[in-house]
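Below are the chains, spelled out letter by letter.
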Number of protein chains: 2
Amino acid sequence: MPTSREIHLVKRPSGAPAAADFALVEREVADAADGQVLVQNLLMSVDPAMRPRLTAGQALDEAMMGGALGRVVQSKTDAFAVGDLVNNRLGFREYFTSDGKGLNKLSPDPDLPLTVHMHALGGTGFTAYGGLLHIGQLKDGEQVFVSTAGGAVGSVAAQIAKIKGCYVVGSTGSDDKAAWLRDTVGLDAVINYKKQPIREALEGATPKGIDVYFDNVGGDHLEAALRRMNTLGRIPVCGFISGYNSGHSNVSNLSNIIYSRVMLRGFVAPDFMHLYVDFQREMAGWLKDGRVKYLETVRDGIAAAPAALIGLMAGENAGKMLVRLAE
Amino acid sequence: MPTSREIHLVKRPSGAPAAADFALVEREVADAADGQVLVQNLLMSVDPAMRPRLTAGQALDEAMMGGALGRVVQSKTDAFAVGDLVNNRLGFREYFTSDGKGLNKLSPDPDLPLTVHMHALGGTGFTAYGGLLHIGQLKDGEQVFVSTAGGAVGSVAAQIAKIKGCYVVGSTGSDDKAAWLRDTVGLDAVINYKKQPIREALEGATPKGIDVYFDNVGGDHLEAALRRMNTLGRIPVCGFISGYNSGHSNVSNLSNIIYSRVMLRGFVAPDFMHLYVDFQREMAGWLKDGRVKYLETVRDGIAAAPAALIGLMAGENAGKMLVRLAE
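Treat the numbers as computed from the prediction; the structure is a model and nothing was measured.

(A) Main features of the packing of aromatic side chains. On inspection of all chains with the given rule, the structure shows 18 aromatic pairs over all chains. Consider the rings of F214 of chain A and F267 of chain A, whose centres lie 6.2 Å apart with planes at 70°: the pair is edge-to-face. One end of the pair, F214 of chain A, is in strand β11 (residues 210–214); the other, F267 of chain A, is in the loop between β13 (263–266) and α9 (276–288), and 53 residues separate them in sequence. In this structure, F214 of chain A and F267 of chain A share a single accessibility class: buried. Judged by centre distance (5.7 Å) and plane angle (50°), the rings of Y276 of chain B and F279 of chain B are tilted. Linking Y276 of chain B with F279 of chain B, this pair stays in helix α9 (residues 276–288), spanning three residues, or about one helical turn. Relative accessible area serves as the criterion here: at 26%, Y276 of chain B is assigned to the partly exposed category. Under the relative-accessibility criterion, F279 of chain B is labelled buried at 0%. By the ring-pair criterion, three or more aromatic residues cluster together here, those being F126, Y129, F214, F267, F272, Y276, F279 and W286 of chain A.

So this is what it looks like as structure tokens:
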């Protein structure tokens, strides 16, 4: 019967989440009973999409939900063996027992670090892949804009667009990430939106307009992009991080979608699960030959999880924000 | 050499267009030269989509552009005979000479009045048909909301949805149009948005949510609809009449398209020209068997055209707003 530490939401944030909204709680976890496994989480994912759930969806005074990668440490079912790696949605806790529902076995690629299965080669990368190619219907050589291009999803989306021969502009909020996008990733133009007004900067950076805008931000980024969309352009809407803390995401020039016949479409990865096998094969290849590069920001220990989430919302992460719970 | 009267835009409207923004001008029109025809316009169309062109696009001190149906009265080309009916974009004038470019010959259906070729059986109806079926991907039996359902496009869209077995809610701005939609057209629910707050009314009228919102309005209608969209809902965006006079169309809850994975898509009829033959055949049948009903508001004489446009923006029309220039 292991002792597990877990993170509870104890108060709904008003605006940006704060340390006092969370608590670290110790719990005894039952050993696996018949038909069950006991899982130790090794890595947990910290995502912008968690923020809306703090306002509605995430229960108070319970361990928070979130993506994690764990290892089976006890098994009383034939479905899993001790040592199996399993993806689960029960992050923000060190241990849990499970009847196996919602656990997906992972066979990690031996030539890649385990962490990439939590981002570029996992759900994060798949969101970028399907969002750009399936929802955004990207064609080779098009004009592309990606917001939060230094983030986990954005950086993968921007690089897939480069692989497809596109002209790619990325926006990011720090000079370090801008330099990485320009010098290491090789984007055609990079905008630090904290230093340049996004509207003017985007106008200068997109002389041929925009065919696909991969939107993680909403708000002023979306407004700026709507001014630059080419006829029959597409906007896969992955997230509206600009509005997550305020609950609002104002856009005043949505009428541009009429004149330019633009499509906006919100999506989640389950919308294109039929592409998952293609994605895994292609992305593993791109990661191994260095065509897709990635950054990780890894914090250590469950106690660091609230600060990681707060920092993510403030843009402190470079690439994927992870918390390592155990080796 | 006939004398033609024409309507000029002499001042760009600030806000709602006013009589002083227009002038009635008399011009001598040359007789048809070799290779030319002289056309007398019989009917001209007055559309919400003209409003944005008054702010940008329509030249000042020139005859205004707009859809019209005319008759060839002189011909010096084999391409057209005297008496041919021709669709053209040179409305807002009584006569014009042309080398034939931009003229489309019309073969009117002998069992239907000529005017329906200007709306339900013309571009207006086609916009509704393709917007709903092609852009909106309407499936039989879905939950549908149509704004300005008493207008030319909206009334056709609402009736096509009824023909497809859908539950259809329409919004309109007058009791007369509401009664027509309820009693004659047979919509499942009708909202007079000038008497009821659209948000609450739409919530009450759509117990099963909305799968397709055919949007002619933007603004508060779109906000209200975004709150009610079902998962994987579609919003074909035909127009944003609420924003045409102000130049703005604010929407504060666009983030709903992420959680519900909704698609918004602006469109114009040329996006689905491949459906035109199907449309003409189906719509002629629906009009003849009375399954599609229509209203027309017909003003007489070119001098009435500015008032017709001003009245259209104020919602004075029931159904299609036309001006009859000649018999």
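Picking up after the structure, the text goes on.
(B) Expanded view of the sheet that holds strand β11 (residues 210–214) of chain B. Here we have 12 strands laid out as an open sheet, ordered β10(A)-β9(A)-β8(A)-β11(A)-β12(A)-β13(A)-β13(B)-β12(B)-β11(B)-β8(B)-β9(B)-β10(B), and mixed in their pairing. Edge positions in the sheet fall to β10 (189–192) of chain A together with β10 (189–192) of chain B, since each of these pairs with one other strand and no more. Going across the sheet, the axis of each strand differs from the next one's by a mean of 15°, ignoring polarity. Running at roughly 175° to β10 of chain B, helix α5 (residues 198–205) of chain B makes contact with β8 (143–146), β9 (167–172), β10 and β11 of chain B of the sheet.

(C) Looking closely at the domain arrangement of chain A. Residue and element names in this part refer to chain A. Domain assignment breaks chain A into domain 1 (3–119 + 295–324) and domain 2 (123–270). Between the C-alpha centres of domain 1 and domain 2 there is a distance of 29 Å. Contacts between the two partners involve 17 residues from domain 1 and, on the opposite side, 12 residues from domain 2. Among the residues of domain 1 in contact with domain 2, H119, L295 and M313 are the three that bury the most area, contributing 35% of the side total. Counting every contact that joins domain 1 to domain 2 gives zero salt bridges. The interface formed by domain 1 and domain 2 contains five residue pairs in polar contact (both at pLDDT 80 or more). Along the lines of polarity and charge, the residues of the side of domain 1 that touches domain 2 split into 10 nonpolar, five polar and two charged.

(D) Spatial organisation of the packing of α5 of chain B against helix α6 (residues 219–226) of chain B. All names here are of chain B. Orientation of α5 relative to α6, taken along the N-to-C sense of each, is 40°, at an axis distance of 9 Å. Classed by the angle they form, the pair α5 and α6 counts as oblique. α5 and α6 meet at a crossing whose hand is right-handed. Counted together, I198, R199 and L202 of α5 and D220, H221, A224 and A225 of α6 form the full contact between these two elements.

(E) Local environment of the relation of the copies chain A and chain B. Each copy of the sequence occupies a distinct position, and chain A is placed on chain B by a rotation of 180° and an axial shift of 0.0 Å, giving an RMSD of 0.0 Å. Both copies of the chain, as the preceding transformation shows, are related through a two-fold rotation axis. Of every C-alpha in chain A, the one belonging to L264 of chain A sits nearest the axis of rotation, 2.5 Å from it.

(F) Representation of the interface of chain A and chain B within the structure. With 27 residues of chain A at the contact, the number on the chain B side is 27 residues. For the pair chain A and chain B, the two sides together bury roughly 2,200 Å², of which 59% comes from carbon and sulfur. Counting the surface chain A buries against chain B, the share from its top three residues, L254, I258 and R261 of chain A, is 24%. One salt bridge in this structure joins D271 of chain A and R261 of chain B, with 2.3 Å as the shortest N-O distance. Our count for the contact surface shared by chain A and chain B stands at six residue pairs in polar contact (both at pLDDT 80 or more). Elements with a contribution of two residues or more to the side of chain A that touches chain B: β12 (229–237), α8 (256–259) and β13 of chain A. Ranked by residue count, the leading element in the side of chain A that touches chain B is β13 of chain A, at four residues. When the residues that make up the side of chain A that touches chain B are grouped by side-chain class, the tally is 17 nonpolar, seven polar and three charged.

Reading the values: the criteria
Residues numbered from 1 in each chain as written. Chains lettered and ligands numbered in written order. Predicted model: local features only at pLDDT ≥ 70, side-chain atom pairs only at ≥ 80, totals over all residues. Heavy atoms only, no water. Phe/Tyr/Trp six-rings, centres within 6.5 Å; stacked < 30°, edge-to-face > 60°. Helix = DSSP H or I, 4+ residues; strand = E, 2+ residues; numbered from the N terminus. Buried < 20%, exposed > 50% of the residue type's maximum accessible area, 1.4 Å probe, protein only. Pairing = 2+ DSSP bridges. Axes fitted to C-alpha atoms, helices over the stretch in contact; angles between N-to-C directions. Contact = heavy atoms within 4.5 Å. Domains from an automatic or database assignment. Buried area = accessible area lost by both parts, 1.4 Å probe. Salt bridge = Lys/Arg side-chain N within 4 Å of Asp/Glu carboxyl O. Polar contact = N/O pair within 3.5 Å; in protein donor to acceptor, adjacent residues only side chain to side chain. Nonpolar A, V, L, I, M, F, W, Y, C, P; charged D, E, K, R; others polar. Parallel < 35°, antiparallel > 145°, perpendicular 65-115°, else oblique. Left-handed = near helix turned anticlockwise from the far one by under 90°. Least-squares fit on C-alpha atoms with pLDDT ≥ 70 in both.

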